[in-house]
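Listed here are the chains, written in short residue letters.
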Amino acid sequence: MKQYDLCIVGSGAGAAPVAYELSRAGYSVLVLEKGPYLTEKDFTKDEIAVSRRSIYTPRLKDEQHVVETYNSDGSIERVTAEASGWNFWNGSMVGGSSNLMSGYFHRMKPVDFKLRSTFGAIEGANVVDWPITYEEMEPYFTKVERVVGVSGRVVEHPFQEQRSTRDFPFPPTWEQPISGWFDTVCKTLGYHSIPTPRAVLPYDALGRSGCSYSNFCGGYGCATGAKGNARAALLEKAKATGRCDILPDVFVYRLDADRQRVTAAHYFDADGNSHTVKAGTFVVAAQAIESVRLLFNSKSAFHPDGLGNANGQLGKNLIFSAGGSGQGRFEFFRLNERQRFELMTRGAFVNRSLQDWYVYRREGRTYKGGTIDFLFEHANPVSRAMRELYDDDGHLVWGSRLQKRLEHAFKASRVFVFEVFNDWLPTDNCFIGVDEGVRDKWGMPVGKIRLYSHPHDLDVGAFLADKAENVLRQMGAVEIQSDISSAPPPNLVAGGCRFGKDPKASVLDPSCKMHGIDNLYVSDGSFMPTGGSVPYTWTIYANAFRVADAIKAALKAKPNRL
Amino acid sequence: MITRRSLLLGGAALLLLPVESSADYARPVTILKEPFQTIAAVQRDLFPGGGTAPSPQLLKAIDYLAGVLNDPYVDDDTKRFLSDGARWLNERTGEDFGSAYYRLTPAQHEEVLQWLSGTPWGESWLWSLISYLFEALLCDPVYGANTHEAGWHWLGHEPGYPRPKAPLI
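Scoring rules and cut-offs
- Residues numbered from 1 in each chain as written.
- Chains lettered and ligands numbered in written order.
- Predicted model: local features only at pLDDT ≥ 70, side-chain atom pairs only at ≥ 80, totals over all residues.
- Heavy atoms only, no water.
- Helix = DSSP H or I, 4+ residues; strand = E, 2+ residues; numbered from the N terminus.
- Rg over C-alpha atoms; globule rule 2.2 N^0.38 Å.
- Buried < 20%, exposed > 50% of the residue type's maximum accessible area, 1.4 Å probe, protein only.
- Contact = heavy atoms within 4.5 Å.
- Lys, Arg positive; Asp, Glu negative; His and termini not counted.
- Charge placed at Lys NZ, Arg CZ, Asp CG, Glu CD.
- Axes fitted to C-alpha atoms, helices over the stretch in contact; angles between N-to-C directions.
- Parallel < 35°, antiparallel > 145°, perpendicular 65-115°, else oblique.
- Nonpolar A, V, L, I, M, F, W, Y, C, P; charged D, E, K, R; others polar.
- Polar contact = N/O pair within 3.5 Å; in protein donor to acceptor, adjacent residues only side chain to side chain.
- Phe/Tyr/Trp six-rings, centres within 6.5 Å; stacked < 30°, edge-to-face > 60°.
- Lys NZ or Arg CZ within 6 Å of the ring centre and 35° of its normal.

1. Re the overall build of chain A
Turning to step 1, where the next piece is worked out: In terms of regular secondary structure, chain A is built from 13 helices and 21 strands.
Turning to step 2, where the next piece is worked out: Relative to the compact-globule value of 24 Å for 562 residues, chain A shows a C-alpha radius of gyration of 23 Å, a close match.
Turning to step 3, where the next piece is worked out: By its C-alpha atoms, chain A is 70 × 55 × 50 Å across when sized along the principal axes.
Turning to step 4, where the next piece is worked out: The burial tally for chain A puts 61% of its 562 residues in the buried class.
Turning to step 5, where the next piece is worked out: In chain A, the proportion of contacts linking residues at least 24 apart, taken out of those at least 6 apart, comes to 73%.
Turning to step 6, where the next piece is worked out: When the 66 positive and 64 negative side-chain charges of chain A are each reduced to one mean point, those points stand 3 Å apart.

2. Quick look at the packing of helix 2 (residues 36-46) of chain B against helix 7 (residues 120-138) of chain B
Residues and elements named next belong to chain B.
Turning to step 1, where the next piece is worked out: For the pair helix 2 and helix 7, the least separation of the axes is 11 Å and the interaxial angle reads 80°. As the angle between them shows, helix 2 and helix 7 are arranged roughly perpendicular. Taking contact as the criterion, the partners of Ile-39, Val-42, Gln-43 and Leu-46 in helix 2 are, on helix 7, Trp-125, Leu-126, Leu-129, Ile-130 and Leu-133.
Turning to step 2, where the next piece is worked out: Among the residues forming the contact of helix 2 with helix 7, the class breakdown is eight nonpolar, one polar and no charged.

3. Here we look at helix 1 (residues 16-24) of chain A
Residues and elements named next belong to chain A.
Turning to step 1, where the next piece is worked out: The buried count for helix 1 comes to eight of nine residues, which makes it a mostly enclosed element.
Turning to step 2, where the next piece is worked out: Among the residues of helix 1, Ala-16, Pro-17, Val-18, Ala-19, Tyr-20, Glu-21, Leu-22 and Ser-23 are the ones counted as buried.
Turning to step 3, where the next piece is worked out: Directly after helix 1, the chain includes Gly-26, whose backbone phi takes a positive value near 100°.

4. A look at the environment of Gly-26 of chain A
All names here are of chain A.
Turning to step 1, where the next piece is worked out: Its location among the elements puts Gly-26 in the loop between helix 1 and strand 2 (29-32).
Turning to step 2, where the next piece is worked out: Among the residues examined, Gly-26 registers a relative accessible area of 42% and is labelled partly exposed.
Turning to step 3, where the next piece is worked out: Expressed as a C-alpha distance, the spacing of Gly-26 and Val-471, which sit 445 residues apart in the sequence, is 52 Å.

5. Some points on the side chain of Gln-176 of chain A
Residues and elements named next belong to chain A.
Turning to step 1, where the next piece is worked out: Looking at the element boundaries, Gln-176 is found in the loop between helix 5 (134-149) and helix 6 (178-189).
Turning to step 2, where the next piece is worked out: A polar contact of 3.1 Å, which involves the side chain of Gln-176, links it to the backbone oxygen of Ala-348.
Turning to step 3, where the next piece is worked out: Here Gln-176 is in contact with Glu-342, Thr-345, Arg-346, Gly-347, Ala-348, Phe-349, Val-350, Phe-376 and Arg-414, once residues within four sequence places are set aside.

6. Notes on the packing of aromatic side chains
Given two aromatic rings, one states the distance between the centres and the angle between the planes to describe the pair.
All names here are of chain A.
Turning to step 1, where the next piece is worked out: One pass over the structure, following the stated rule, counts 38 aromatic pairs over all chains.
Turning to step 2, where the next piece is worked out: With centroids separated by 6.2 Å and ring planes inclined at 55°, the aromatic side chains of Phe-88 and Phe-320 adopt a geometry described as tilted. Residue Phe-88 is found in the loop between helix 3 (81-84) and helix 4 (115-119), and its partner Phe-320 is found in strand 11 (residues 319-331); the two are separated by 232 residues along the sequence. Both residues of the pair, Phe-88 and Phe-320, belong to the buried class.
Turning to step 3, where the next piece is worked out: Between Trp-181 and Phe-330, the ring centres sit 5.7 Å apart and the planes meet at 85°, which makes this aromatic pair edge-to-face. Separated by 149 residues along the polypeptide, Trp-181 in helix 6 and Phe-330 in strand 11 bring together distant segments of the chain. As far as burial versus exposure is concerned, Trp-181 and Phe-330 are alike and both buried.
Turning to step 4, where the next piece is worked out: Taken together, the ring pairs connect Phe-105, Phe-113, Trp-130, Tyr-134, Phe-141, Phe-168, Phe-499, Phe-527, Trp-538 and Tyr-541 into an aromatic cluster.
Turning to step 5, where the next piece is worked out: Over the ring of Phe-168 we find Arg-163; its NZ or CZ atom is 4.6 Å from the centre of that ring.
Turning to step 6, where the next piece is worked out: Directly above the ring of Phe-431 sits Lys-316, whose terminal nitrogen or CZ lies 5.7 Å from the centroid.

Encoded structure:
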């Protein structure tokens, strides 16, 4: 059996930086990924397969979750994902869900690292400061810009975070003419329009091809390699060192550990055969829910309540990105010919955001706010058509009325949308466990997700949506509406292995090494005690580079003993 | 106005279009067999085509639905519901009109659809039928529907590239 210096469970944004850094530093690395090894040639813009059938996620009859929610009387409603269709999977393939991201890359702000000390306690929420500062993370945000590739343009605005470089290493991608409309309206309103940084290369660089502006980016695998997914940006380069093996189609179901060290990982191959891997250091990065599930399913005589759960913290403080989305419609008959032409430009990105209310005051109180991203509705034609199924009174439409609505939607108007990102406050009522009564196709207990969102999250989200709606109104959109809800976005998940200095209140130490275990790190988004009011991927990438440095330092100080 | 000349030109144009496979996903069905006879009739009412809009027949919407009923990514409950809904519909029209849905007049169809859309199961069934009809209208033709990209042309939709060379399902 080949033995590795490092064994990584998962291959997404939390895993790939560790594989990249450690393999380049001369260590042997094995990456174990449950999904297939897909590359640029495998990705097409096939809406039926990718969006309507979700072929990049497991079928729920094979692998699922149990989801628990609170009824209004406080009782718990329990459903299986198979019965409810509630799908918490993201991207199951080498590179993970970073293959399917839109790549809206905002850095967390300095204030995100110290929410508790800045805003004080919120009743019913477990808000804490991070054990590290923005200044400690900043070099890693910068590294991601350079190594993964982030395009954008720095502009001055009230919440522009400090940077160690003047601007992004790549200029913005090709932008829609409507971005100019947006800038003009924001100037009139006194808002600060921000070019949204994107993990998308505008031209050939970093050994990858530039964006082809296919008009089908978010939710789809990238056919050029322009999108900074973990495989294209990092794992292929790790593999090229000759020291990184990537094993797809294998499911890690258990880690063995003695009192202080993980000794082996067990996995099933595609044929259901079990195998064992030995390594000096182990890294878990299977995305928050599955990482926690693996640690629970790794319980033993030494760790009877699950690996890393000596103090009952494992799985606690699950968070998502709070907020929601909204939209407005631009009608052709209200526009001149030039405006219609500009509106129908396809392929380019809107690339605009507002962060004017990242922190705001209302009624004498200071609130942590968030980010609003603006974009066109997704080009997926079936999902666009589905929006037209009901009339204004909520009645199903068919026949010639339905056909006219489709013609209007596709040929005489265009929908502009916004997405709100604010903090999902961590609470005792939102957590991850396992359900011994429901098993996956390998016979392992599935993850159980208890959902709860703090009322504060909705309050902040509604405030931000109101601001976004006003921008759309001033731009001339009609049929403006927004949906701020407590529904968790499965692709924006974090927490469950909170990092911190106190072992009694956290699972990981500040370097993301598990408290009490010498050779186990968790490097996906599960380390996050709070999420910041931005999409998580950039933070996960940056932190994983930081964890890689910590592992290198630990190995240098005390080489692996296998 | 359709003239003999335009029909001939249309026919000639169709001959020049690339051959599209319908074998991989959409499955040619015997239209007289249930549930397809009933569902095809409902499809014609939900989305009749006409003007510049393609008809369900041109889109091969019923063949596509047969593909859905064999799709491993569509759960068994949904497949059963699609078939059962046709049976339940005909049971109702049998009671009210003494005949299966597809034998009723256009006015009776509208009356039935109005009633159906007001029932929880009926609304859900119609929603499912329309969603798969939209797939037949707007999918890549490699799925054996959206024949000659008729749906895309009608709505001015530009597909993303690269397009699938075969259904990924």
